[in-house]
Amino acid sequence: MTGKRLKTGADFTWRDMEVGNIITEAGNAALRRTGDWRSQRPIIDREKCNKCGLCWLYCPDAAIKPVEDGCYETDLFYCKGCGICAKVCAREAIAMIEEEEK
Amino acid sequence: MSKRVGLEASHAAAEAARMADVDVIAAYPITPQTHIPERLAEMVADGELTAAYIPVESEHSALSTCVGAAAVGARTFTATAGPGLEYMHNVVYIASSMRLPVVMTVANRALSAPLSIWGDHSDVMAVRDTGWIQVFCQNSQEAFDMTLWAFRVGEDSRVLSPVMVHFDGFHLTHVTEPVILPEQEEVDRFLPRFHYPFALDPDKPMTHGAFGPPDIYSEAKIAQEVALRKSKAVLIQGFKEFGDILGRYYHPVEPYRAEGAKTLLLTMGSFSETAKIAIDARKDKGESVGLINLRLWRPFPFQELRQAVKGVSTLVVFDRCISFGGPGGPVCSEIRSALYNEKESPKVVSFIGGLGGRDMAVEDFEYVIDRGREIAEKGSNELYETVGIRGKVAGIRG
């Protein structure tokens, strides 16, 4: 919940709670690996991608990032595997594959 | 120079909030609390008090507004009664769990049905476990004093907790009594400005009221529980400072003519004053009786209570609330459990009465003393007995 907890994990006891459970470190949600919720992950086919940016625009977790050539890649630390990017892609350039698949 | 004026408890509490120079008031009118927000609205409108008076559409909104205001570091006040307190119940927990020092006066009122606007302690007992510091008042003077004290201790950086100040609906809220009002300078000496260390500030962003998944909720609750229990030392220090500056000393447990007494009666709120008259009458007859006025309700003053009943053979506890299907009067059952593991403790007898505005006269308390002693002597299978209720109540067994 707090920055302290994310840093110390299981060692975090009730004594480490901030007064009123306040999070004093702004933006520490960035430290939380939401990617481990995922059961599927998006695979972007760079051949089909026309760099329109719909996937980047629709991703609710800002887990899709532009790369230098104008195409996009997923940040698997945050990507929850919701599949919205695959759904909105006009070129069907994004496929959702099972997390277990290589 | 302090001045002596005639005030009902409602106006005394409003006056305390004014002298505390509150920043934000949000309240919804409900009998018998109405005179408190009414008077404060008048003060703000007349320029006697510079504060944001926020009219709201419900008690749920009233306390929610106070929670938001306290989170930016405002000195915050509200008042409610009975069903209003029930209506804000969810937010009552939120204020204490977020450790926001809102001060709320509660004009104690019965809960429906049947609809009753009159006083008892059902509303107090329904918020017993909400994590607020809670005190009872016996008269209008105490309504003023406890409200002022509530700001002092709740806002203390070692405490940071909301505080409920309980006084009986109608028996106090609508009764004019002499009240000694201090000078502003004395109030300012007792009550420093509020500096909330975690005030919301766009230049220093932080999160209040985040969610707590199963891997953190337990730790959050234990931290809250420990903080409330630890606050007792500061509450007592606050009573002492109040006495040193304003001249009246209060205590978590207040014995009245109790020294060496074999039988003690324990009461809360305005009925303690009526019970004291019964004690005086019995003392005059040479009986070994005395009284305990329970002031601090949460955190519960275990040590002080045990100390006060040392050597006592019978403790008669008078409750103004029924714990339906439970072990007796709610205050009495807490006292029984507080004394259960003691090597020597008095026989504890439970009486319930004074519900929904039913009066308790001096003779009623004398009956409670007599019957209480009889039960202690002969024993009884009843979990509790009633007083002032028509028809014999029997068969309430454990």
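For every chain, the first residue of the written sequence is number 1, and numbering continues from 1 along that sequence. For this description, chains carry letters from A and ligands carry numbers from 1, given in the order in which they are written. Whole-chain, interface and lining totals are the exception, using all residues; otherwise, since this is a predicted model, local features are given only for residues with pLDDT of at least 70 and side-chain atom pairs are given and counted only at 80 or more.

Moving on, we get to helix α3 (residues 59–71) of chain B. Turn by turn, an α-helix covers 3.6 residues, leaving residues three or four places apart pointing in a common direction. Residues and elements named next belong to chain B. Taking 1.5 Å per residue as the helical rise, α3 with its 13 residues ought to reach 18 Å, and the 18 Å between its terminal C-alpha atoms agrees with that figure. In the core, the buried residues of α3 are packed alongside β2 (24–27), β3 (52–55), β4 (76–80), α4 (82–87) and α5 (89–97). What counts as a helix is a DSSP run of H or I of at least four residues, what counts as a strand is a run of E of at least two, and both are numbered from the N terminus. Taken from the residues just after α3, glycine 73 is the one with a positive phi, measuring 95°. In this analysis, the expected span of each helix is defined as 1.5 Å times one less than the number of residues it contains. Each residue is represented by a C-beta atom placed from its backbone, and any two residues with such atoms within 7 Å are regarded as in contact.

Okay, the domain arrangement of chain B next. Residues and elements named next belong to chain B. For the domain bounds, the source is a domain assignment made automatically or taken from a database. Each domain of chain B was delimited in the assignment, giving domain 1 (3–246) and domain 2 (253–386). Centre-to-centre, using C-alpha coordinates, domain 1 lies 28 Å away from domain 2. Across the boundary between the two partners, domain 1 contributes 29 residues, which contact 20 residues of domain 2. Of all the secondary structure elements, the ones that give two or more residues to the side of domain 1 that touches domain 2 are α6 (122–126), β6 (133–136), β7 (163–168), α9 (214–230) and α10 (232–246). Tallying contributions element by element places β6 first for the side of domain 1 that touches domain 2, with 4 residues. Tallied by class, residues from the side of domain 1 that touches domain 2 come to 13 nonpolar, 11 polar and 5 charged. Under this grouping Gly is polar, as are all residues other than the nonpolar Ala, Val, Leu, Ile, Met, Phe, Trp, Tyr, Cys and Pro and the charged Asp, Glu, Lys and Arg.

What follows concerns the domain arrangement of chain A. Segmenting chain A into domains produces domain 1 (1–32) and domain 2 (33–102). Using only C-alpha atoms to locate each centre, domain 1 of chain A and domain 2 of chain A end up separated by 30 Å.

Time to look at the sheet that holds strand β15 (residues 385–386) of chain B. The strands making up a sheet associate through backbone hydrogen bonding, with each pair oriented either parallel or antiparallel. Residues and elements named next belong to chain B. Strand order in the open sheet formed by 6 strands is β9-β11-β10-β13-β14-β15, and the pairing between neighbours is mixed. Edge positions in the open sheet fall to β9 (253–256) and β15, since each of these has one partner strand only. At least two DSSP bridges between two strands are needed for those strands to be called paired. Pairing between strand β13 (residues 314–319) and strand β14 (residues 347–352): 6 bridges, direction parallel. Counterpart to threonine 314 in the pairing with β14 is lysine 347. This element, helix α11 (residues 271–284), spans β9, β10 (263–267), β11 (289–294) and β13 of the sheet and lies at about 165° to β11. Here, axes are lines fitted to C-alpha atoms. For helices the fit covers the stretch in contact, and angles between N-to-C directions go from 0 to 180 degrees. Taken strand by strand, helix α14 (residues 362–378) contacts β10, β11, β13, β14 and β15, and its axis lies near 135° from that of β13.

Residue and element names in this part refer to chain B. The sheet built from 7 strands is open, its strands ordered β3-β2-β4-β5-β7-β6-β12 with mixed pairing. On the outer flanks of this sheet lie β3 and β12 (296–298), each paired with one strand and no other. Within the sheet, the average angular offset between the axes of one strand and its neighbour, ignoring direction, is 20°. In this structure, β2 lies alongside β4, joined through 2 bridges in parallel fashion. Bridge pairing in β4 places valine 24 opposite threonine 76.

Moving on to the packing of α11 of chain B against α14 of chain B. Residue and element names in this part refer to chain B. One way to put it is that α11 packs onto α14 with a least axis distance of 8 Å and a crossing angle of 65°. Note that α11 runs across α14; the crossing there is right-handed. Listed contacts from α14 to Thr274, Ala275, Ile277, Ala278, Ala281 and Arg282 of α11 are Val362, Phe365, Glu366 and Ile369. Across the contact of α11 with α14, the residue classes break down as 7 nonpolar, 1 polar and 2 charged. What makes a crossing left-handed is the near helix being turned counterclockwise from the far one by less than a right angle; a clockwise turn instead makes it right-handed.

A separate point is unusual backbone geometry. At the junction of serine 112 of chain B and alanine 113 of chain B, the peptide bond is cis and its omega measures out at -5° in the coordinates. Counting through the fold element by element, alanine 113 of chain B comes out in the loop between β5 (103–108) and α6. Across the junction of arginine 298 of chain B and proline 299 of chain B, the peptide omega takes the value -5°, indicating a cis bond. Residue alanine 62 of chain A is not a glycine yet carries a positive backbone phi of 50°. Structurally, alanine 62 of chain A is set in the loop between α2 (54–58) and β2 (64–66). Looking at alanine 62 of chain A, the number of C-beta atoms within 10 Å reads 10, which means it is exposed. Despite not being glycine, glutamate 92 of chain A has its phi angle at roughly 50°, a positive value. To sort residues by burial, count the other C-beta atoms lying within 10 Å of each one's C-beta; a count of 20 or more means buried, 12 or fewer means exposed, and anything in between means partly exposed. C-beta atoms are built from the backbone.

What follows concerns the environment of lysine 221 of chain B. With respect to the helices, strands and loops of the structure, lysine 221 of chain B is situated in helix α9. Separated by 124 residues in the primary sequence, lysine 221 of chain B and serine 97 of chain B have C-alpha atoms spaced 7.8 Å apart.

So, about the environment of alanine 233 of chain B. All names here are of chain B. Note on placement: alanine 233 falls in helix α10. Using a count of 11 C-beta atoms within 10 Å as the deciding quantity, one classes alanine 233 as exposed. With 143 residues separating them in the primary sequence, alanine 233 and alanine 376 have C-alpha atoms 34 Å apart.

Let us now look at the nonpolar core. Nonpolar side chains tend toward joint burial in soluble globular proteins. Residue and element names in this part refer to chain B. What we call a nonpolar core is a set of buried Ala, Val, Leu, Ile, Met, Phe, Trp, Tyr and Cys residues whose membership is set by joining through C-beta atoms within 7 Å. With 115 residues, the main nonpolar core has Ala13, Val165 and Leu265 as its most contacted residues. Here this core gets 8 residues from one element, more than from any other, and that element is helix α7 (residues 140–154). Formed jointly, this core draws a minimum of three residues from each of two domains, domain 1 (3–246) and domain 2 (253–386). Alanine 13 has contacts with Ile36, Ala79, Thr105, Ala143, Phe144, Thr147 and Val165, leaving out every residue within four places of it along the chain.

Residues and elements named next belong to chain B. Considering the arrangement of structural elements, one finds histidine 11 in helix α1 (residues 9–19). Judged by local crowding, histidine 11 falls into the buried class, with 22 C-beta atoms found within 10 Å. A C-alpha to C-alpha distance of 9.1 Å links histidine 11 and threonine 176, two positions 165 residues apart in sequence. Excluding its chain neighbours within four sequence positions, the residues that come into contact with histidine 11 are His35 and Arg39.

Our next topic: the interface of chain A and chain B. Counting residues at the interface gives 12 residues for chain A, matched by 15 residues for chain B. Of the residues belonging to the side of chain A that touches chain B, the class tally is 7 nonpolar, 4 polar and 1 charged.

All names here are of chain B. Between α7 and α10, whose axes approach to 10 Å, the crossing angle comes to 125°. In this view, α7 runs oblique relative to α10, as classed from their interaxial angle. Of the two possible hands of crossing, α7 and α10 adopt the one that is right-handed. Facing Asp145, Trp149, Arg152 and Val153 of α7, the residues of α10 in contact are Val234, Leu235, Gly238, Phe239 and Phe242. Taken together, the residues that form the contact of α7 with α10 break down as 6 nonpolar, 1 polar and 2 charged. The cut-offs work like this: below 35 degrees is roughly parallel, past 145 is roughly antiparallel, 65 to 115 is roughly perpendicular, and the gaps in between are oblique.

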